[in-house]
Amino acid sequence: MSERIINILAKDDDLSKKILLELEDKLGEQGFITTRDFNKDAELSIVLGGDGSFLRSVHQNDFPEVPFVGFNTGHLGFFQELSIDDVDRFVEEYIAGEYRQESLHLIETNVSYEGGSERLLSVNEMVVKANNSKAVELDVFINSNYLERFFGDGLIVSTPVGSTAYNYSVRGSVVHPKLECLQITPLAPINSKAFRSLQNSLIVPPNFIVRLEPKKRYEGEIILLNDGEETIFKDVKYVEIDMNYKKIYRIVFAKDSYWNNLKDKFL
């Protein structure tokens, strides 16, 4: 029989370390081999922490096909379905196969700048802003169709699962993760005689490309916030964002976990 390996990726705090030791003990008793480092041959990765820990684990391990499950030892924990009191239930139900696997689509951003280009993948969202808290002016195209000249703090392009993250905090729409789409949400759009920016979020199909072109005087320093991680690009020509074919996976135990999570975290 082949080894059954489970990664346990824990945040560096006392509560996460306590749950880590408990999981190692319980899973070891059931014949699993646990590792505190990421092993691509594992059948499951358990993340202990909050949503930030989940996102870091996914990014640092290059968006692996190994499914994830989360224990919430952080603050919000929207990705982290299980609580610190669920260790015994988790082990029992995992061994019994009483869970389902969900796939989460990623979004891909291609940024072109003077002298090069870069490709980035996101779980939640990509945010395009100007540096030093300045307003940014962007020509917005959807599948080569000119939509608007946006002027304001920036634009968020989010996945359905990311709709409850930064997007939600600026009054974007909550989108169920079963839907395949992108959401464009403005950050402090300016509406005046000179600029007529959309004031609300816009939902577009998954096979559409969102193209953002900074106007000349804003090309110098554009910030991309990729799932909260900031990168500054100079002399940006354009930013193109669309839904990528690549997915990540998580396992879910409760039948109505999404609605319970939404209610528990936000209502």
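Located above this text is the structure these notes cover.
Residues numbered from 1 in each chain as written. Predicted model: local features only at pLDDT ≥ 70, side-chain atom pairs only at ≥ 80, totals over all residues. Heavy atoms only, no water.

(A) Summary view of helix α2 (residues 51-60). Within α2 the residues assigned to the buried category are D51, S53, F54, L55, S57 and V58. Buried residues in α2 make contact with β1 (5-10), β3 (44-49), β4 (68-72) and β16 (236-252). In the segment just after α2, D62 is the residue with positive phi, at about 60°. (Buried < 20%, exposed > 50% of the residue type's maximum accessible area, 1.4 Å probe, protein only. Helix = DSSP H or I, 4+ residues; strand = E, 2+ residues; numbered from the N terminus. Contact = heavy atoms within 4.5 Å.)

(B) Just helix α1 (residues 14-29), in detail. The first and last C-alpha atoms of α1 sit 23 Å apart over 16 residues, in line with the 22 Å expected at 1.5 Å per residue. Among all positions in α1, only S16, I19, L20, L23, E24 and L27 are buried. One face of α1 carries all of its buried residues, which in axial projection span an arc of 140°. The exposed set on the far side of α1, more than 90 degrees from its buried face, consists of D14, K18, L21 and E29. At its buried positions, α1 is contacted by β1, β2 (33-35), β3, β4 and α3 (87-96). Positive phi shows up at G31, right after α1, with a value of about 90°. (Expected span 1.5 Å × (residues − 1). Arc of directions from axis to C-beta.)

(C) Layout of the sheet that holds strand β12 (residues 202-204). Taken together, the six strands give an open sheet; going across it, the order is β12-β11-β10-β7-β14-β15, and neighbouring strands pair in antiparallel fashion. Of all the strands in the sheet, just β12 and β15 (229-234) have a single pairing partner and so form its edges. Strand-to-strand twist of the sheet, defined as the mean angle between neighbouring strand axes without regard to direction, takes the value 20°. Inspection of the sheet shows strand β11 (residues 182-187) paired to β12 by three bridges, in the antiparallel sense. (Pairing = 2+ DSSP bridges. Axes fitted to C-alpha atoms, helices over the stretch in contact; angles between N-to-C directions.)

The values reported here are purely geometric and, on their own, carry no functional implication.
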